[in-house]
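Take a look at the letters that make up each chain.
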Amino acid sequence: MASPFLYVPSKHGNGLQSFTDPFYMEYTRNIREMKNVMNSIILADDDYRERSIEALNLVNAVLRVGIDYHVQDEIKSILEREHIIFSDHISNQYFNNINQDHLYEVSLRFRLLRQGGYDVSPDVFNELMKDKKGNFNVLVEEDREGLRELFEASQVRIEGEEVLEEAEVFSGEHLKEWANLHRHTSEARSIQLTLDQPCHKSLARVTSPNFLDSFSANTATRDQGWTWMTLLNKLVTMDFKIVQSIHQREIVLVSKWWKELGLAEELKFARDQPLKWYLWTVASLPDPSLSEERIELTKPISLVYIIDDIFDVYGTLDELTLFTDAVNNWEIKEQFPDYLKICFKALDDITNKISYVVYRKHGWNPIDSLRKSWGKLCNAFLLEAEWFGCGKLPNEEEYLKNAIVSSGVHVVLVHMFFLLGEGISMEAVNLLDNIPGLVSSTAAILRLWDDLGSAKDENQNGHDGSYVECYMKRHKECSMGEAREQVIRMIKNEWERLNKECFSPKHFPMCFRKGCLNAARMVPVMYDYDDHHRLPSLQNYINSLLSHQTI
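Just so it is clear, the model here is predicted, and its values are computed rather than measured.

Colleague: How should I be thinking about empty space enclosed by the protein in this particular structure?
Modeller: Using a probe with the size of a water molecule, rolled over the atoms, empty space left in the structure can be pinpointed. Taken as a whole and assessed by the stated rule, the structure comprises four cavities of 30 Å³ or more. Roughly 50 Å³ of volume is contained in the second largest cavity. Around the second largest cavity sit L438, E501, S504, K506, H507, F508 and R513, which together line it. In terms of residue class, the lining of the second largest cavity is made up of two nonpolar, two polar and three charged.

Quick look at the structure:
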């Protein structure tokens, strides 16, 4: 079977051309060499602890530049060894030799282990950072590199971990103060980017350029003599070219599907942004091998936006009620106006086709779950239409409970789960049908971020409310700024809940949990409007992935 990595779009016409054999051979050789480097560290039984910091930095670098799909087994082996060292910290077997200089190492180890699904306690930071009175040690304040990694580690906290909350405030304040004092330096700019875009809450493809610049400089100053930095940079450059070619090919196929579907022509009032919809799948499922899954997932995402437009800006309440009833019973109504018949037919066709794809590949027919998710979405859309159609503004709790569903996240993640095909069982399906915490927290982050935005989508004139608006109605003494601060606190809380779900292997496989996490990471990119109603972060993301296409 031909490898999908071999193709790039041709500069002429719609054909495809291959990477040259020497390019691909060098690419695969570099991947093997990176595996060998990691295995040489893993197999260094006698001096592994001396090479532990190198192992941590190598795993971190591979994750931060987004090429970890090549070395999953090697990463797992290294983290298993690092978990033993972390356990020694907690049992004080290793603590006699630790001092303030190890803040960077301990913080990095903690974050990588937690992101890898290991059960690790944050109590290590009480031992490392605080004196006997419980105050932060003065020596820690001078360690910028350690503080930076401590700030990153604080982002993987779950509810109730007070020491990590304190660590975020402490490290953030000192880093911000230093960056302000040295604002014209490259290090200050890099630190500010860390504060604005911590790696756990950001997409690797967005933050990797800043990471590579700062990390290369830091490793040089530590003078560890790590030879893999050159290999990493070479592999990142080659991988980027290949992944970009895959995405360019996929957007051609997505655009062809969207044009042939014909909804853009039939429903002139609705959004026509297939590239923007496809980007959700690129962010959520970055592994190059998941090409079919990205293309198929773009289809329900497009219908979430189209149906949202029907409910928000076009349909009458009677029509919306009729459509909602039809989706819940999955039966077209004769009374449908033409535009609803067209939309329902597209919904039915896409649902049946995706169900067939899942059944063919994974042996499970998900059609009942997919249909239920669309019914829940339309019920939530209809409730919003009833609220705002009659001028009723719900309280903030009612609004958010419904908005978690009307965000469309549940529909999309249900489709993602089945398309990925791992861990499908009756228990997991029943849990997923009822919107578990993994899904609801992802949805809450999206909706709250959206409600913080300075502008709505540039093509939309409808009104579906916002948490800020509902909160201020109930708390009349509250200013707009205070309401927005409340939303920011809620987003942080939802991240803590999402972390707990993502780091727990109880119900869902790692690939699905990573997909949910990546969807949450994409939210700031997708909703970061500037003063001119534009999305500069999203446009930059598109430029880096697809080479100067526009939304």
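Once the structure has been displayed, the description carries forward.
Colleague: Looking at this model, I keep getting lost on the packing of helix α12 (residues 274–284) against helix α13 (residues 291–314). Mind explaining?
Modeller: Packed helix pairs are specified by the crossing angle of their axes together with the interaxial distance, meaning the distance between the axes. The interhelical angle for the contact between α12 and α13, taken along N-to-C directions, is 125°, at an axis separation of 8 Å. One way to sum up the angle between α12 and α13 is to call them oblique. Crossing angle aside, the handedness with which α12 passes α13 is right-handed. Residues P274, W277, Y278, W280, T281 and V282 of α12 lie in contact with α13, whose contacting residues are R294, L297, T298, I301, S302, Y305 and I306. Grouping the constituent residues of the contact of α12 with α13 by class yields nine nonpolar, three polar and one charged.

Colleague: How should I be thinking about helix α15 (residues 338–362) in this particular structure?
Modeller: Residues that lie three or four places apart on an α-helix share one face, since the helix turns once every 3.6 residues. The first and last C-alpha atoms of α15 sit 36 Å apart over 25 residues, in line with the 36 Å expected at 1.5 Å per residue. Looking only at α15, the buried set comprises Y339, L340, C343, F344, A346, L347, I350, T351, I354, S355, V357 and V358. Packing partners of the buried residues in α15 comprise α10 (228–261), α11 (263–266), α13, α14 (317–329), α16 (367–389) and α18 (409–420). G363, located one to two residues past α15, shows a positive phi value of around 75°.

Colleague: I tried to follow the pattern of salt bridges on my own but got confused; where do I start?
Modeller: With the rule as written, the count across this model stands at 28 salt bridges. Residues R109 and E82 are paired through a salt bridge, measuring 2.6 Å at the closest nitrogen-oxygen approach. Taken together, the positions of R109 in helix α4 (residues 103–115) and E82 in helix α3 (residues 72–90) put the pair 27 residues apart, joining distant regions of the chain. The residues R109 and E82 share a single accessibility class, namely buried.

Colleague: For this particular structure, what's the right way to read helix α20 (residues 437–452)?
Modeller: Across its 16 residues, α20 extends 22 Å between first and last C-alpha, which sits within 8% of the 22 Å expected from 1.5 Å per residue. In terms of residue burial, α20 counts as a mostly covered element, since 14 of its 16 residues are buried.

Calculation notes
Residues take numbers from 1 onward in each chain, read along the sequence in its written order. Only residues with pLDDT of at least 70 are given local features in this predicted model, and only at 80 or more are side-chain atom pairs given and counted; all residues enter the totals for whole chains, interfaces and linings. By convention in this description, side-chain values take in all heavy atoms of the structure and omit both hydrogens and water. Every definition here rests on a 1 Å grid over the protein atoms only: cavities are sets of points where a 1.4 Å probe fits but cannot get out, pockets are open sets enclosed by protein on both sides within 12 Å along at least five of seven lines, and lining residues have some atom within 4 Å of a point. Grid points are joined across faces, edges and corners, and a volume is the space filled by probe spheres set on the points. Under this grouping Gly is polar, as are all residues other than the nonpolar Ala, Val, Leu, Ile, Met, Phe, Trp, Tyr, Cys and Pro and the charged Asp, Glu, Lys and Arg. Note on method: axes are straight lines fitted to C-alpha atoms, helices fitted across the in-contact stretch only, with angles between N-to-C directions ranging 0 to 180 degrees. Note on conventions: DSSP H or I runs of at least 4 residues are helices, E runs of at least 2 residues are strands, and numbering of each starts at the N terminus. Roughly parallel here means an angle under 35 degrees, roughly antiparallel means over 145, roughly perpendicular means 65 to 115, and every remaining angle is called oblique. Here a crossing is taken to be left-handed if its near helix is turned anticlockwise relative to the far helix by less than a right angle, and right-handed if that turn runs clockwise. Contacts are assigned to residue pairs with any non-hydrogen atoms lying within 4.5 Å of each other. Multiplying 1.5 Å by the residue count of a helix minus one yields the expected span of that helix. The rule is simple: take the accessible area with a 1.4 Å probe, protein chains only, and divide by the maximum for that residue type; under 20% is buried, over 50% is exposed, in between is partly exposed. Any Lys or Arg side-chain nitrogen located within 4 Å of an Asp or Glu carboxyl oxygen qualifies as a salt bridge.

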